Amino acid sequence: MKKLILTITICLLFFSASSLRAAGNSPAGAVYAKGDFRLYGGGKTARIYVDSNDYEVVKTAAAALAGDIKLVTGGRSAEGGAASLSNNAIIIGSIGKSGLIKNLIRSGKIDASRLKGQWESFIITTVDKPSPGVASGLVIAGSDRRGTAYGVFELSSWIGVSPWYWWADATPEKRDNIVIRKGAYKFGPPSVKYRGIFLNDEAFGLNPWAAKTFEPETGDIGPKTYAKIFELLLRLKANYIWPAMKPCTKAFNFYEQNKIVADRYGIVMGSSHCEPMLRDNPDEWPRDGAGPWDYTKNRDVI
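Cut-offs applied
- Within each chain, residues carry numbers counting from 1 in the order of the written sequence.
- Owing to the predicted nature of the model, reporting of local features is limited to residues with pLDDT of at least 70; listing and counting of side-chain atom pairs is limited to 80 or more, with chain, interface and lining totals taken over all residues.
- As a convention, hydrogens and water are excluded, and side-chain values are obtained from all of the structure's heavy atoms.
- Only DSSP runs of H or I with at least four residues qualify as helices, and only runs of E with at least two residues qualify as strands; both kinds are numbered from the N terminus onward.
- Three exposure classes are used, based on accessible area relative to the maximum for each residue type with a 1.4 Å probe and protein chains only: buried under 20%, partly exposed in between, and exposed over 50%.
- N or O atoms closer than or at 3.5 Å make up a polar contact, with two conditions inside protein: a donor-capable atom paired with an acceptor-capable one, and, for residues adjacent in sequence, both atoms drawn from side chains.
- By definition in these notes, contact holds between two residues if any of their heavy atoms fall within 4.5 Å.
- Only strands that DSSP links by at least two bridges are regarded as paired with each other.
- What a helix should span is 1.5 Å times the count of its residues minus one.
- Any two rings among Phe, Tyr and Trp, with Trp reduced to its six-membered ring, count as a pair given centres within 6.5 Å; such a pair is stacked if its planes are under 30 degrees apart, edge-to-face if over 60, and tilted if neither.
- Between N-to-C directions, angles cover 0 to 180 degrees, with each direction set by a line fitted to C-alpha atoms, over the stretch in contact for helices.
- Working rule for angles: under 35 degrees goes down as roughly parallel, over 145 as roughly antiparallel, 65 to 115 as roughly perpendicular, anything else as oblique.
- Note on convention: near helix rotated counterclockwise from far helix by under a right angle means a left-handed crossing. Clockwise means right-handed.
- Definition of nonpolar core: a set of buried residues of the types Ala, Val, Leu, Ile, Met, Phe, Trp, Tyr and Cys, connected through side-chain atoms within 4.5 Å.
- Here, a salt bridge means any side-chain nitrogen of Lys or Arg that lies within 4 Å of a carboxyl oxygen of Asp or Glu.

Novice: Got a minute to help me understand the side chain of Asn88 in this structure?
Specialist: By the element assignment, Asn88 lies in strand S7 (residues 88-94). The buried category is assigned to Asn88, whose relative accessible area is 18%. A distance of 2.8 Å separates a polar side-chain atom of Asn88 from the backbone oxygen of Arg38. Sequence-distant contacts of Asn88, defined by excluding residues within four places in its chain, comprise Phe37, Arg38, Ala46, Arg47 and Ser136.

Laid out in structure tokens, this is it:
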């Protein structure tokens, strides 16, 4: 392993799906049949479309999908606006944010009735002639920003990209042809609203590795490391994290970019049992002249 797997306490993740698939029974295959969506074949890759008005996390996920397709096929999928839609297009969008998704709902080409008002839900569906000049579409529509991103990474898993591809060097098998079987697949809402991890005891591994190897410019667990952690969370359909907080690590809010990265990935920040009032006391409690962090001895200052 080139990279260190996170030392973490993991909460159980639950995600209900109305279209259940047995392990290994992905809707992605290699042999095309009428009505299927050809994602990759003959050296050509379907173009990815995301509305410029959509959420930042949706754009982030779409860019990751383009990289995943290249990882599997060697051919990177181009991204662009409506004017650049090709004969085969992967159309990604959130209800209420994507104009093309709105048009598909209005025309009856996709049924999003079970998505409206739902938490972190999505559909993936093949659509014939979704837009003028587009013969075949694979539509990923989400009820909200994370729902859409989860749909994008669900497609990544279908084509063989593990959520752990980067952290555990889980290299996917190369594929010469990828088709998505005709149909509509609906997921969500999740049975547990907030699902995530605690970066526990990072002094044993994650902090030294980030500080000395991956992010020496901060010498710490900073925005570059958190971006990779947040991507992993989205790929696992998680949404929540308690950040690292040992004395060896600066407080999460010490780095201005950390909160920007968290929002870009749509991750909800919380705090652990050691951080009352969302404070990282080992780092944020004044070190000089403030006295001990002990209410029985230092009530007035605390």
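Having seen the model, we can carry on.
Novice: I would appreciate a short explanation of the sheet that holds strand S4 (residues 44-45) in the present structure.
Specialist: Neighbouring strands of a sheet are bound in pairs by backbone hydrogen bonds; such pairs are parallel or else antiparallel. Read from one edge to the other, the open sheet built from 4 strands follows the order S2-S10-S3-S4, with strand pairing classed as antiparallel. Of all strands in the sheet, those bounded by a partner on one side alone are strand S2 (28-29) and S4. Pairing analysis gives 2 bridges linking S2 to strand S10 (residues 178-180), with the strands arranged antiparallel. Paired with Gly29 across the strands is Val179, a residue of S10.

Novice: Mind showing me how you'd approach helix H5 (residues 223-235) here?
Specialist: Given 3.6 residues to a turn, an α-helix orients residues that are three or four positions apart in the same direction. Compared with the 18 Å implied by 1.5 Å per residue over 13 residues, the 18 Å span of H5 between its first and last C-alpha is a close match. Of all 13 residues in H5, 11 are buried, a share of seventy percent or more. Those residues of H5 lying buried are Pro223, Thr225, Tyr226, Ala227, Ile229, Phe230, Glu231, Leu232, Leu233, Leu234 and Arg235. Positive backbone phi, approximately 60°, marks Lys237, located one or two places after H5.

Novice: I keep staring at the packing of aromatic side chains and nothing clicks. Help me out?
Specialist: Geometry of an aromatic ring pair is reported as the spacing of the ring centres plus the angle between the planes. Scanning all chains against the criterion turns up 14 aromatic pairs. Taking the centre distance of 5.7 Å and the plane angle of 70° together, the rings of Trp119 and Tyr194 count as edge-to-face. Here Trp119 is found in the loop between helix H2 (99-106) and strand S8 (122-131), whereas its partner Tyr194 is found in the loop between strand S11 (184-187) and strand S12 (196-198), with 75 residues between them in sequence. Summarising the aromatic geometry, the rings of Phe122 and Phe187 are spaced 4.7 Å apart at their centres and angled 10° between planes, so their arrangement reads as stacked. Of this pair, Phe122 sits in strand S8 while Phe187 sits in strand S11; the two residues are 65 residues apart in sequence, bridging distant segments of the chain. Residue Phe122 shares its accessibility class with Phe187, and that shared class is buried.

Novice: What's the story with the packing of H5 against helix H6 (residues 256-264) in this structure? I'm lost.
Specialist: The description of two packed helices rests on the angle between their axes and on the distance between the axes. The geometry of H5 relative to H6 is characterised by a closest axis approach of 9 Å and an angle of 20° between their N-to-C directions. On the basis of their axis angle, the class for H5 and H6 is roughly parallel. In this structure, H5 crosses over H6, and the sense of that crossing is right-handed. Judged by residue contacts, Pro223, Tyr226, Ala227 and Phe230 of H5 engage Gln257, Asn258, Val261, Ala262 and Arg264 from H6.

Novice: Please explain the nonpolar core as it appears in this structure.
Specialist: Most often, soluble globular proteins have nonpolar side chains that are buried together. Grouped together as the largest cluster of nonpolar side chains are 59 residues, with contacts concentrated most on Leu39, Ile90, Ile92, Leu155 and Phe230. By residue number, the principal contributor to this core is helix H1 (residues 56-73), which donates 9 residues. The next biggest cluster of nonpolar side chains, apart from the first, holds 14 residues, and it includes Ala89, Ile91, Leu104 and Ala141.

Novice: What's the story with the pattern of salt bridges in this structure? I'm lost.
Specialist: For side chains bearing opposite charge, pairing can occur when the charged atoms are close. This model, assessed by the stated rule, comprises 10 salt bridges. Arg195 serves as the salt-bridge partner of Glu120, at 2.7 Å between the closest nitrogen and oxygen. Taken together, the residues Glu120 in the loop between H2 and S8 and Arg195 in the loop between S11 and S12 connect sequence positions 75 residues apart. In this pair, the class of Glu120 matches that of Arg195, namely buried. For Asp201, the salt bridge goes to Lys246, with nearest N and O atoms at 3.3 Å. Of this pair, Asp201 sits in the loop between S12 and helix H4 (206-214) while Lys246 is found in the loop between strand S13 (240-242) and H6, placing the two residues 45 residues apart along the sequence. According to the relative accessible area criterion, Asp201 is partly exposed, its value standing at 26%.

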